[in-house]
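Single-letter residue listing:
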Amino acid sequence: MKNKHRVIKGILFFFLWLTASLNTFSQVVSNNAVLVVPEGAHITVMGDLINKTDGDIKLNGVINLKGDWINHKTNLQLEGEVRFISNPGQKINGPEITTFNDVRIIPGSRVVLGDCVTGCKYVTISGTFTNENGADGFTMRPGASLLHQSASVAATIERDIAGDEWAWHMLSSPVTAQSITSGFDDGSFYAWHEPAQTWVSYTNQSIWPTWDDVNNVGGVTNIFHPYFGYLAAYPFEDGNPQTKVFSGHMNQGEYSFALQRLAHPDDQYEGFNMVGNPYPSSIDWKAESGWGGRNNLQTPDSTISPAGYNMWIWNDDIGNYGAHNSASTSDYAHNGVSRFIPPMQAFWVRAENHGATLTMNNSIRMHSNQEWLKSQKDSPGLLQLAISSEANRYSDEIIIEFGHQNDRGGAEKMFSMYQEAPGLYSKKHNENWSISFLTDINTHPVVPVGFKAGVKAIYTLSSTGTGFFEQVILEDLHTGTLHDLTQYDSYHFSAGPGDPQDRFLLHFMTVGTDQQYVAKPIVYHANAMLHVVNPWQTKADIQVYDAGGRLVQYFKAPTPGMHRFGFQPQPGIYLIRVLGEKQVIVRKVIIM
C-alpha cells in the first residue's frame, strides 16, 4: 500500500499492521487522533512525520523516517523504534521535547538536533541509541541537549563561544578523547594546578608545573579528559565569535574526579578544583541521587545538616563568578548561574580532603530550558542585591536567604579575575559571602554588606525580593544615607577603588503603624578587627568583656559611623558594650 499523503484526524485510531510489503506514505500528520503502530509492524514515511498538539503516536513497531520528526505534543513517549534513513540530513524539530525508546541512524543518514529555537533542542532516548554513520550521522547544534544511556554513540556537538573576543570560558567535553589540537588550540587554553595555585598553559612543556603535570591521565595529555574543566579564550573568526566542535563518542554513565587539596593553608584557593560536566546534557547540582563523594567537599561547618555543597561558574558577560549551594530552599540564579550546569560547562568545587573523589552518573542528567545562564526570580525569604554602573558592562550580585536552621551556610565569595569589575558580598563569621544562609530577621536584623569598586563611577544598587519583607532599610555608612528598599528598589551612589569596603548595612525591620526606623550600634569581628558602627550623633565608648566578665579591652568612637579597632584575642565569646550619652547596647561576638 502506498499513499501520496496521509493526514490522520478526527477521533479514529489508525492501525498499521505488518504485511508482506511495508506501508509507505509521503507524509504523516497526526492531528486530533492517535497513530498506532503495533509491535511487529513497520511503516515508512517518505516525508515529514508531524505530530500536532492534539495528536498522539503509539509506537510499538518501527517507523522508517526519511523526512523530519516534528513534534508539537507535550510528553510524547514512544515504545518502539524510530529509524532515520535519509541523506543529506533530517531534523528532530517542533516546539516540544520528544522521548524516544529506540533510535537508529542507518549508514549514510544524518540527523540534526537543535536546529531550531525552543523545545526541539531537547531529546531523551530511554532505550537503545544506535548510530551507524559515525560522528557525521548525529549533530547537536549549540544549546541542544540529549539524555541517553547507550555507550559508544558517535556524534558531532557544537558549542558557541559567545561574548567578546578573548572572553574567558570554562569548558568541558561531552565526548571521549576530544583532541585539543583539533580546533581548540588556536587561542589561550589552560588547566588549573591546585598545589601550585596557578594556571598552566597547554603550550607549557618546560616550566613546572607543565601541561603534563595537570592533564595526565594514564599517560594521555593531549585530549579533553571528560570530567576535567578547562579555561579558554579565543579570537573572533571572520569578525564573529567562533563555534567550537566536539567529535567522538558521547559520554554517559559514571565518572569519578580525583580531588586535590595540596596547596598551602594560607593560599586563597586552597582545595579549589575545576570539574567538567561530561555529558551532552545539563546536570542538576541539587539532584537527590547520582552524586557521590560530595561529603568530601568543604562546607562552612561539617556539623550542620543539611550542610549544602557549593559550586562556582565564571560568567564573562558580567565579569564575575556565579555560585549555587545545594541546600538552598529556592532555585534562584546568582550572577546567571543556577542549579543546572549546562553541557560543555566546567565548574569549581572546593575539596575538604586531598585524594577523595567526586562521582556522578546518569541520574543527575536532565534537560534545562535555560540557555547557558539563567535569570533570577522572586522567592519568599530571599533578597537579591545587584550592583552595576555605566562605566563598563561588569556587575555583581549577592543572595541573602532566610529560613535556615543556622547561619553557617552559603557560598563564599570568589572575586573577579578582572580588576575593573565590582565586588559585592555579605559578611559573617569573618568571611565574605556571595550567598548567605540565615535563620530569621529576629536573629539577624542587620546584615553587613561589603563593596569593592572596580572603577570610579556612579553605581546602582538594585534589590529584588523586598516585597517578602515588611521593611528593608539600606544604610550607606560612607554617606550616612538611609534608603528604604521596600519603597524604592534602587540606590545610586559614587565610589572608586581604594574606598573603604565596609560600605553598607541592611536592616530588616518589623514595622507598625507608627513605628519609625531607629539606628542601633552594629558590632562584628572580621580580619582581626573589631568593627563598630556608631549610629548616634555623639561619641561612644566601647568596652569588651570576656565570658568570665573581665574587661579585656576599651575603645573610643569619637564620631558617628564605622570605626575599626585591632582586636585578635583568644577564641571565645565576648560581650561588646557600646555606651552612648543616653543609652547602652550590648552585643555578643564569637571569635573562632
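Residues numbered from 1 in each chain as written. Predicted model: local features only at pLDDT ≥ 70, side-chain atom pairs only at ≥ 80, totals over all residues. Heavy atoms only, no water.

Quick look at the overall build of the protein
Along the protein, the regular secondary structure elements total one helix and 57 strands. Seen through its principal axes, the protein has C-alpha atoms that stretch 100 × 65 × 45 Å. Scored against the burial criterion, the 592 residues of the protein give a buried share of 57%. Working note: accessible area of the protein is about 25100 Å², and carbon and sulfur atoms make up 48% of it. (Helix = DSSP H or I, 4+ residues; strand = E, 2+ residues; numbered from the N terminus. Buried < 20%, exposed > 50% of the residue type's maximum accessible area, 1.4 Å probe, protein only. Areas by Shrake-Rupley, 256 points an atom, 1.4 Å probe, with all protein chains shown as cover.)

A few points about the nonpolar core
Counting 74 residues, the largest nonpolar core has Trp-69, Phe-138, Met-250 and Phe-347 as the members making the most contacts within it. Ignoring any residue separated from it by four or fewer positions in sequence, one finds Phe-138 in contact with Ile-105, Val-111, Leu-113, Phe-129, Asn-131, Leu-146, Ala-154, Ala-155, Thr-156 and Met-250. Grouped together as the second largest cluster of nonpolar side chains are 25 residues, Leu-385, Ile-398, Phe-493 and Leu-506 included. (Core = buried A, V, L, I, M, F, W, Y, C linked by side-chain atoms within 4.5 Å. Contact = heavy atoms within 4.5 Å.)

With respect to the pairing of strand β50 (residues 504-509)
Note on strand geometry: in a regular strand, side chains alternate between the two faces of the sheet. β50 sits mainly inside the fold: six of its six residues count as buried. Across the two faces of β50 the burial is the same, with Phe-504, Leu-506 and Phe-508 and Leu-505, His-507 and Met-509 all buried. Here four bridges tie strand β45 (residues 446-452) to β50, and the two strands are oriented antiparallel to one another. When the bridges of β50 are listed, Val-446 appears paired with His-507. Note that strand β47 (residues 471-476) and β50 share six bridges and pair antiparallel. Residue pairing across strands places Glu-475 opposite Leu-505, the latter belonging to β50. (Pairing = 2+ DSSP bridges.)

Section: the sheet that holds strand β23 (residues 169-171)
Taken together, the four strands give an open sheet; going across it, the order is β23-β28-β25-β26, and neighbouring strands pair in antiparallel fashion. Whereas interior strands pair on both sides, the edge strands pair on one side only; in this sheet they are β23 and β26 (198-201). On average, each strand axis in the sheet is inclined to that of its neighbour by 40 degrees, with strand direction left out of account. Pairing geometry for β23 and strand β28 (residues 230-233), over three bridges, is antiparallel. Note that in β28 the partner of His-169 across the bridge is Ala-232. (Axes fitted to C-alpha atoms, helices over the stretch in contact; angles between N-to-C directions.)

Considering the packing of aromatic side chains
Overall, the coordinates contain 43 aromatic pairs when judged by the stated rule. For the pair Phe-189 and Phe-224, a centre-to-centre distance of 5.3 Å together with 75 degrees between the ring planes defines the contact as edge-to-face. Of this pair, Phe-189 sits in strand β25 (residues 188-193) while Phe-224 sits in strand β27 (residues 223-224), and the two are 35 residues apart along the sequence. Residue Phe-189 shares its accessibility class with Phe-224, and that shared class is buried. Centroid distance Phe-228 to Phe-257: 5.7 Å. Interplanar angle 70 degrees. Geometry classified as edge-to-face. Taken together, the residues Phe-228 in the loop between β27 and β28 and Phe-257 in strand β30 (residues 255-258) connect sequence positions 29 residues apart. Each member of the pair, Phe-228 together with Phe-257, is buried. One aromatic cluster is present, built from ring pairs that chain together Phe-184, Phe-189, Tyr-202, Trp-211, Phe-224, Tyr-227, Phe-228, Tyr-230, Phe-246, Tyr-255, Phe-257 and Tyr-279. Taking the ring centre of Tyr-234 as reference, the NZ or CZ of Lys-244 above it sits at 4.1 Å. (Phe/Tyr/Trp six-rings, centres within 6.5 Å; stacked < 30°, edge-to-face > 60°. Lys NZ or Arg CZ within 6 Å of the ring centre and 35° of its normal.)

As for the sheet that holds strand β12 (residues 76-77)
Taken in spatial order, the four strands of this open sheet run β12-β15-β18-β21, and their pairing is parallel. At either end of the open sheet lies a strand with only one pairing partner, and these are β12 and β21 (145-147). Judged from the three bridges that link them, strand β15 (residues 98-100) and strand β18 (residues 122-125) form a sheet pairing that is parallel. Residue pairing across strands places Thr-99 opposite Thr-124, the latter belonging to β18.

Brief notes about the pairing of strand β44 (residues 431-437)
Counted residue by residue, β44 has five buried out of seven residues, so it is predominantly covered. Examined bridge by bridge, strand β41 (residues 395-401) and β44 share three bridges and lie parallel to one another. Paired with Ile-400 across the two strands is Ser-436, which belongs to β44. Relative to β44, strand β42 (residues 410-412) runs antiparallel, the two sharing three bridges. Directly across from Ala-411, in β44, lies its bridge partner Ile-435. Across three bridges, strand β43 (residues 423-428) lies against β44 in antiparallel orientation. What sits directly across from Lys-427, in β44, is Asn-432. What sits between β43 and β44 in their antiparallel hairpin is a turn of two residues, with His-429 showing a positive phi close to 50 degrees.

A few points about unusual backbone geometry
Phi is mostly negative for residues that are not glycine, and the peptide bonds are mostly trans. Across the junction of Trp-208 and Pro-209, the peptide omega takes the value -10 degrees, indicating a cis bond. Looking at the secondary structure, you find Pro-209 in the loop between β26 and α1 (211-214). Look at His-429: it is not a glycine, yet its phi comes out positive at around 50 degrees. Within the fold, His-429 resides in the loop between β43 and β44. Residue class for His-429 comes out partly exposed when judged on its relative accessible area of 30%.

Considering the environment of Ile-43
By the element assignment, Ile-43 lies in strand β7 (residues 42-45). Along the sequence, Ile-43 and Val-62 sit 19 residues apart, while their C-alpha atoms lie 6.5 Å from each other.

Remarks on the pattern of salt bridges
A complete count under the given rule lists 18 salt bridges for this structure. With a closest N to O distance of 4.0 Å, Asp-502 and Lys-427 form a salt bridge. Taken together, the positions of Asp-502 in the loop between β49 (490-495) and β50 and Lys-427 in strand β43 put the pair 75 residues apart, joining distant regions of the chain. Residue Asp-502 is classed as buried on the basis of its relative accessible area of 13%. Of the charged contacts in the structure, one is a salt bridge between Asp-502 and Arg-564, with a shortest N-O distance of 3.1 Å. Highlighted residues: Asp-502 in the loop between β49 and β50 and Arg-564 in strand β55 (residues 561-566), separated in sequence by 62 residues. (Salt bridge = Lys/Arg side-chain N within 4 Å of Asp/Glu carboxyl O.)

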